[in-house]
Amino acid sequence: MGGILYNSSELPTFTLTGLPGLENSQHWMFLLLGTLYIVSIVGNALILFIVKEEQSLHQPMYYFLSLLSVNDLGVSFSTLPTVLATFCFHLRKISFDSCMAQMFFIHFFSFMESGVLLVMSFDRYVAICNPLRYTTMLTDSRVVCMGLWVITRSFCMVFPLPFLLKRLSFCKANILSHAYCLHPDLIHLPCGDITVNNIFGLFIVVSTFGLDSALILFSYVLILHSVLAIASREERLKTFNTCLSHLCAVLIFYVPMVGVSMTALYGRHAPRFVHTVISLIYLFVPPMLNPVIYSIKTKEIRRRLVRMLVGTKF
């Protein structure tokens with residue numbers, strides 16, 4: 001085989017990769033990623049604090065926003081240890097178990113974000129298409145059940161992945177394409193039959209990202225139909241404006257994901273750093289931009305942020 005053969009009783013280590021071909025710029029890259037981490041962590045922590053403290057935000061839409069912020073913090077903390085080690089300390093080795101744990105959490109939070117965006121789209125659908133039934137349909141208990149459904153579904157989808165990989169033999173150099181462990185990257189390293197892994201991977205992508213994006217699109221078709229039925233142009237814009245933050249969150253999550261998929265399918269001859277950069281955008285941009293978008297577009301959050309910054313009361 002030309003490599004070292006590992007079986008399930010002798011677990012391999014993996015080598016993480018920074019930016020191929022740009023090794024001399026790794027410190028600058030860490031400064032950039034470090035800035036994104038700080039904005040993401042501070043921004044999402046502020047969202048959680050404001051929703052907790054601001055009584056007017058104790059409603060379903062902002063409970064789901066809090067869940068999105070918790071999820072974005074999870075994404076940031078899942079990648080932080082190995083990104084810090086790779087770009088700042090040049091420590092590129094990671095054990096099999098650590099890699100599996102990181103892969104689990106990265107994909108768990110990715111699937112969870114898709115689910116959170118789906119329940120947020122349902123919230124917007126009810127608020128616009130059935131406003132009189134909003135409080136009776138989205139009670140606190142139902143909001144909790146929807147949140148638990150999102151978490152449980154994500155866990156059940158990702159839980160088998162480490163075990164499906166652990167049963168395989170590894171005989172290659174085990175060099176990863178990123179500074180963190182992702183299932184699409186790891187699945188190319190084993191020497192055994194990966195048919196089951198590929199089929200299960202396709203199943204969870206279709207049943208989460210595929211189904212969620214289709215349902216989100218359907219909800220916006222219904223929302224648009226209701227908005228266009230409003231006679232006043234000013235009221236139409238005002239109503240649709242309540243969806244704008246969520247629509248931006250959907251786009252900044254799904255557009256980079258499509259970019260990652262298209263690069264994997266059709267960009268095999270592209271430089272390796274292109275794949276790395278697109279993957280970084282997918283994992284780093286949504287957690288950073290989500291709190292920024294909601295802070296700008298939500299009057300109550302924006303007002304509380306200003307109050308905190310200037311130290312005065314309105």
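All of these numbers come straight from a predicted model, not from anything done at the bench. (Residues numbered from 1 in each chain as written. Predicted model: local features only at pLDDT ≥ 70, side-chain atom pairs only at ≥ 80, totals over all residues. Heavy atoms only, no water.)

### Brief notes about the layout of surface pockets
- Looking at the second largest pocket, its volume works out to about 500 Å³.
- In terms of lining, the second largest pocket is formed by 15 residues, of which the most central are Met61, Tyr62, Arg124, Thr242 and Glu300.
- Of all the elements in the fold, those that place two or more residues in the lining of the second largest pocket are α2 (60-87), α3 (96-129), α9 (233-241) and α12 (299-310). (1 Å grid on protein atoms, 1.4 Å probe; cavity = no way out; pocket = protein on both sides within 12 Å on 5 of 7 lines; lining within 4 Å. Points joined across faces, edges and corners; volume = space filled by probe spheres on them. Helix = DSSP H or I, 4+ residues; strand = E, 2+ residues; numbered from the N terminus.)

### Things to note about the state of the cysteines
- On inspection of all chains with the given rule, the structure shows 1 disulfide.
- The disulfide partner of Cys99 is Cys181, and the S-S distance across this bridge is 2.0 Å. Around the S-S axis, the bridge from Cys99 to Cys181 shows a dihedral of about -120 degrees and counts as left-handed. Of this pair, Cys99 sits in helix α3 while Cys181 is found in the loop between α6 (160-166) and α7 (183-186), placing the two residues 82 residues apart along the sequence. The exposure classification of Cys99 matches that of Cys181, with both residues buried. (Disulfide = S-S within 2.5 Å. Buried < 20%, exposed > 50% of the residue type's maximum accessible area, 1.4 Å probe, protein only.)

### Structural notes on the pattern of salt bridges
- Counted by the stated rule, this structure contains 4 salt bridges.
- Its salt-bridge partner being Arg124, residue Asp123 comes within 2.8 Å of it at the nearest N-O pair.
- By relative accessible area, which is 8% here, Arg124 ends up buried.
- One salt bridge connects Asp212 with Arg153, and the closest N-O pair in it is separated by 2.6 Å. Of this pair, Asp212 sits in helix α8 (residues 195-228) while Arg153 is found in helix α5 (residues 140-158), placing the two residues 59 residues apart along the sequence. Comparing Asp212 with Arg153, the two get one shared label, buried. (Salt bridge = Lys/Arg side-chain N within 4 Å of Asp/Glu carboxyl O.)

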